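# Working through the structure, step by step
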Amino acid sequence: MMNSTRIGTTKVMLLFMSTLIGAGTIALGSINPTLAAAADFGPSNPFFAPSALPFQAPPFDKIKDEDFQPAIEAGMAQQQAEIQSIANNLDAPTFDNTIVALEKSGQLLARATAAFDGVTGANTNDTLQKVRTIEAPKLAAQDDFIYLNTKLFARVAAIYKQRATLKLDPEALRLVEYDYDKFVHAGANLSEADKTELKKLNEEESSLQDTFINKLLDATKEGAFVTTDKAALAGFSEARIAAAAQAAQSRQFDAFVIPLQNTTQQPDLVSLSNRDTRQTIFGRSWNRTERGDANDTRDTIARLAQLRAQKAKLLGFSSFAAWKLEDQMAKTPQAAVQFMDAIVPAATAKAASEAKDNQAVIDAQKGGFQLQPWDWTFYAEQVRKARYDLDDAQVKPYFELNNVLQNGVFYAANQLYGITFKERHDIPVYQADVRVFEVSDVNGKPLALFYCDYFKRDNKNGGAWMSNFVGQSHLLGTLPVVYNVANFSKPAAGEPALISFTDVITMFHEFGHALHGMFADTEYPTLSGTATARDFVEFPSQFNEHWASDPVVFAHYAKHYKTGALMPEELVARLRKSATFNKGYDMTELLAAAELDIQWHSLPPTAPLQKPDEFEKQALDKTHLNVSYVPPRYRSTYFAHIWGGEYSAGYYAYLWTEMLADDAFQWFVEHGGLTRANGDRFRQMVLSRGNTEDLGKMYDSWRGAPPNTKAMLKYRGLEESTSPK
Ligand SMILES: [Zn+2]
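This one's a predicted model, so the numbers in the text were calculated from it and none came from an experiment. (Residues numbered from 1 in each chain as written. Predicted model: local features only at pLDDT ≥ 70, side-chain atom pairs only at ≥ 80, totals over all residues. Heavy atoms only, no water.)

When you go through the protein chain residue by residue, the secondary structure sums to 26 helices and eight strands. For the protein chain, whose C-alpha radius of gyration is 26 Å, the value lies close to the compact-globule estimate of 27 Å for 725 residues. In terms of overall dimensions, the protein chain has C-alpha extents of about 85 × 65 × 55 Å along its principal axes. Nonlocal contacts in the protein chain, meaning residues at least 24 apart in sequence, comprise 77% of its contacts between residues at least 6 apart. Approximately 29,400 Å² of the protein chain is accessible, and the part contributed by carbon and sulfur atoms is 53%. (Helix = DSSP H or I, 4+ residues; strand = E, 2+ residues; numbered from the N terminus. Rg over C-alpha atoms; globule rule 2.2 N^0.38 Å. Contact = heavy atoms within 4.5 Å. Areas by Shrake-Rupley, 256 points an atom, 1.4 Å probe, with all protein chains shown as cover.)

Right, dumping it as structure tokens:
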């Protein structure tokens, strides 16, 4: 659920969105603004001018695969020319000729990349993938072209220094500070000598990240479990055994192969009754990158942690985490750590009581052993079946997709915010399954276009996500065009699409992102909609998930697709109870991974190279998360989010936004729940505001208090296990 949700990645127009600037090159003016393919670009290209369709919707009926590359290249060249002309302007820097001019730059590029990202994510082909491979590094370099432009930074800095005297409105002031901070964050303020040093560290970091990713890919592949003994797979269905045989064939083995997943726990352990097999698979997962062979990542991550600390020192921070969190809602590593420390006791206590339940099953079956991590899911599944006996086949007939969408997702939004939805069949789409709705505001005025593309296809990325084809901005005169993508099973022609409750939650989740995009009401595109901090952006989506279970909303959509009958009370009760199942384990494994991340990135610049195994053990001991039966969701040496991805010193954000979502929902509960008054207030003070003010202050002034973890623990069933019985 977490890796698969992606949001806002298409917003190249939001120049200042990338959270990790300068991981690549920091060479000033190293990019040549002339780009060859721009020659193929002219008025016949559908991206040449803004779309004439309603809401400037992409003209998918006219866009051909071969239109993207020339439009993207021309868009980059155009933006580079715009940036040069802002930087080289002979007039003294002003808010309008610099900050606003930056906001207006890159519109062609934004049009082309938004459509390109949408289509390559959800409906790609070989031609588009080739274009992607060629353009991705160029697009990454486009960011450096802006942030490492010395003349441009001098202008931004001059405006920043005078900001108090410029009589700017609050949003404009926020934008000036935001832009300035982004430049400084990337190292624009450093001396030439320090810039050279930073460039060296960035290059080493970038190459070590590559090394890490490549080693991990190979290690994960080689970590696959291989056996010729069918008995080792006892517990598997025939279909699963056939899949294991097929996986072996594709690797040219005459055997059965179970490939490793990226997490510590391996999903197949839930059904494997052979304990030796479970232990072997778990061991291969746990040690995948610590075998002392070419794929061992221990040296790589030790050096990565050290150089990131050195980089932070150069930029004026006490640790990499301090540098990374400066522009986040939490602001400091201490705030993130305090937040996590406070939930550790409840999470581990609940995990301990779940462990007891699992041990009881082992003992009742005369297992004669102590519960180990490789036993957990196998026995937890038996506990779950005994307690809730919830079968997907029983509940799915109550969740017909279109009904869930119209009478659940849209209904909740209508009750809270007064907005209405009308399907449009005249807006071109990139694939026949995509549906388009026009969203009208309370006063009947057009608010947004919403596309949904819910069915799985072979040429679609996995998971579910939201993004924009067009971002909202008063400055640019644009209204939001937003889309949700998912991977639900497509029914046979003429059959209804019956989905699981997990899928229902996914629909509400992604629509929460969509609302954040559709309610955007800001002047400047950089601060609009979902373009917020990593530890805030999942808040509106996780918040919206709550309405799926609200009794009024639930009763409005959970109806049998044939008879229209409400879901029987007894089934509803089982569904509800099962929602808190195994939450102690889930939260403990997340906390352990998040604590590892923040501790690795809190090392001081003077720290020597660490020994990863010792460091990991000490880090978990120190935070009381060294729990024998709950290993971290990712171990240090295969934690791709933090060493190879964007989540370095940011893994805590998953838990942080859950706190916000639950605390916010609790406010609704305390104020009458699903009402227009509550919805309007939330929309006005949070959902429409994008990143136009300090996110902590925005939250506190809406909530009337800072967020706390009470509701988060309550909704996960974690509070009863800590209170005395
Ligand atoms: Zn999300």
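And the narrative resumes.
Turning our attention to helix α9 (residues 275–286). Compared with the 16 Å implied by 1.5 Å per residue over twelve residues, the 16 Å span of α9 between its first and last C-alpha is a close match. Among all positions in α9, only T277, R278, I281, F282 and S285 are buried. Angularly, the buried residues of α9 cover 130° about the axis, an arc narrow enough to put them on a single face. As for α9, its buried residues are in contact with β2 (225–227), β3 (256–258) and α13 (376–388). A distance of 3.0 Å separates the backbone nitrogen of D276 from a side-chain oxygen at the start of α9, and that oxygen is part of N274. (Expected span 1.5 Å × (residues − 1). Buried < 20%, exposed > 50% of the residue type's maximum accessible area, 1.4 Å probe, protein only. Arc of directions from axis to C-beta. Polar contact = N/O pair within 3.5 Å; in protein donor to acceptor, adjacent residues only side chain to side chain.)

Along its 22 residues, helix α4 (residues 126–147) runs 33 Å from first to last C-alpha, staying within 8% of the 32 Å computed at 1.5 Å per residue. Listing the buried residues of α4 in full gives L128, V131, E135, Q142, D143, D144, F145, I146 and Y147. Lining the buried residues of α4 we find α1 (65–87), α3 (107–122), α5 (150–162) and α6 (170–185). With a side-chain oxygen lying 3.0 Å from the backbone nitrogen of T127, the N-terminal cap of α4 falls on N125.

Metal coordination angles in their ideal form are 109.5 degrees for the four-donor tetrahedron and 90 or 180 degrees for the six-donor octahedron. Around the zinc ion, the protein contributes the donor atoms H509 (NE2), H513 (NE2) and E538 (OE), which lie 2.1 Å from the metal centre. For the zinc ion, the single-chain donor residues occur in sequence as H-x3-H-x24-E. You can see H513 sitting in helix α16 (residues 501–518) and its partner E538 sitting in the loop between α16 and α17 (539–545), a full 25 residues away along the chain. Taking relative accessible area as the criterion, H513 reaches 0% and is therefore assigned buried. On the basis of relative accessibility, which here comes to 8%, the residue E538 falls in the buried class. (Donors = N, O, S within 2.8 Å, 3.2 Å for Na, K, Ca; no water.)

This next bit is on the confidence of the model for the protein chain. For the protein chain, per-residue confidence averages 91 on the pLDDT scale, and residues scoring 70 or more make up 94% of the total. When the criterion is pLDDT under 50, residues 1–37 qualifies, and its contacts beyond four places in sequence or with other chains add up to 116 contacts. (pLDDT = per-residue confidence, 0-100.)

With respect to burial, strand β7 (residues 465–470) is a largely interior element, six of its six residues being buried. Pairing analysis gives five bridges linking β7 to strand β8 (residues 481–488), with the strands arranged antiparallel. The residue bridging M466 from the neighbouring strand is N484, located in β8. (Pairing = 2+ DSSP bridges.)

Take the pattern of salt bridges next. Across all of its chains, the model carries 42 salt bridges by this definition. Residues R424 and E438 are paired through a salt bridge, measuring 2.6 Å at the closest nitrogen-oxygen approach. With R424 in strand β4 (residues 420–424) and E438 in strand β5 (residues 435–440), this pair connects stretches of sequence that are 14 residues apart. Look at E438 and you get buried, because its relative accessible area is 17%. One network of salt bridges, in which partners are shared, links E290, D296, R298, D613, E616 and R635. (Salt bridge = Lys/Arg side-chain N within 4 Å of Asp/Glu carboxyl O.)

Attention now goes to the nonpolar core. Core analysis: the largest hydrophobic core is formed by 143 residues, its most contacted members being F399, Y417, F450, F511, F539, F543 and Y557. Those residues within four positions of Y557 in sequence are excluded, and the remaining contacts are Y398, F399, N403, V404, N407, G408, F501, V504, F508 and A548. Counting 32 residues, the second-largest nonpolar core is a separate cluster that includes F47, I63, V436 and V470. (Core = buried A, V, L, I, M, F, W, Y, C linked by side-chain atoms within 4.5 Å.)

A few words on the packing of aromatic side chains. Counting across every chain of the model gives 60 aromatic pairs. A centroid spacing of 5.3 Å and a plane angle of 55° characterise the contact between F68 and F116, whose relative ring orientation is tilted. Here the residue F68 occupies a position in helix α1, and F116 occupies one in helix α3, the gap between them amounting to 48 residues. When its relative accessible area of 2% is taken as the criterion, F116 is described as buried. Ring centres of F410 and F421 lie 3.8 Å apart, and the angle between their planes is 5°; on these two criteria the pair is classed as stacked. (Phe/Tyr/Trp six-rings, centres within 6.5 Å; stacked < 30°, edge-to-face > 60°.)

It is worth spelling out the side chain of R703 at this point. For R703, the position within the fold is in helix α25 (residues 695–703). Look past the residues within four positions of R703 in its chain and what remains in contact with it is D663, Q666, W667 and E670.

This brings us to the packing of helix α12 (residues 333–364) against helix α20 (residues 583–600). Where α12 meets α20, the closest approach of the two axes is 8 Å, and the angle between their N-to-C directions is 150°. Note on packing geometry: the crossing formed by α12 with α20 is left-handed. Taken together, the residues of α20 that come into contact with α12 (itself represented by P333, A336, V337, M340, D341, I343, V344, A347, T348, K350, A351 and E354) are K583, G584, Y585, M587, T588, L591, A594, E595 and I598. Here the contact of α12 with α20 is composed, by residue class, of 13 nonpolar, three polar and five charged. (Axes fitted to C-alpha atoms, helices over the stretch in contact; angles between N-to-C directions. Left-handed = near helix turned anticlockwise from the far one by under 90°. Nonpolar A, V, L, I, M, F, W, Y, C, P; charged D, E, K, R; others polar.)

This part covers the packing of helix α15 (residues 401–417) against helix α24 (residues 676–687). Two elements in contact, α15 and α24, have axes separated by 6 Å at closest approach and are oriented at 90°. Classified by the angle their axes make, α15 and α24 are roughly perpendicular. Across the interface between the two elements, N414, Q415, L416 and Y417 from α15 touch R676, G679, D680, F682, R683 and L687 from α24. Residue composition of the contact of α15 with α24, by class: four nonpolar, three polar and three charged. (Parallel < 35°, antiparallel > 145°, perpendicular 65-115°, else oblique.)

In this section: unusual backbone geometry. With phi around 60°, F55 is a residue other than glycine that occupies positive phi space. Tracing the backbone through its elements, the reader meets F55 in the loop between β1 (6–7) and α1.

The next subject is the side chain of E589. Tracing the backbone through its elements, the reader meets E589 in helix α20. For E589, the side chain forms a polar contact with the side chain of R633, separated by 2.9 Å. With residues near it in sequence (within four places) discarded, E589 still touches V630, P631, P632 and R633.

Moving on to the environment of P50. When you line up the elements, P50 lands in the loop between β1 and α1. On the accessibility criterion, P50 (47% relative accessible area) is partly exposed. Separated by 387 residues in sequence, P50 and F437 place their C-alpha atoms 21 Å apart. Setting aside anything within four residues of it in sequence, one finds P50 in contact with Q56 and R111.

Within the fold, F682 resides in helix α24. Excluding anything up to four places from it in sequence, F682 contacts Y417, F539, F543, F668, L687 and W702.

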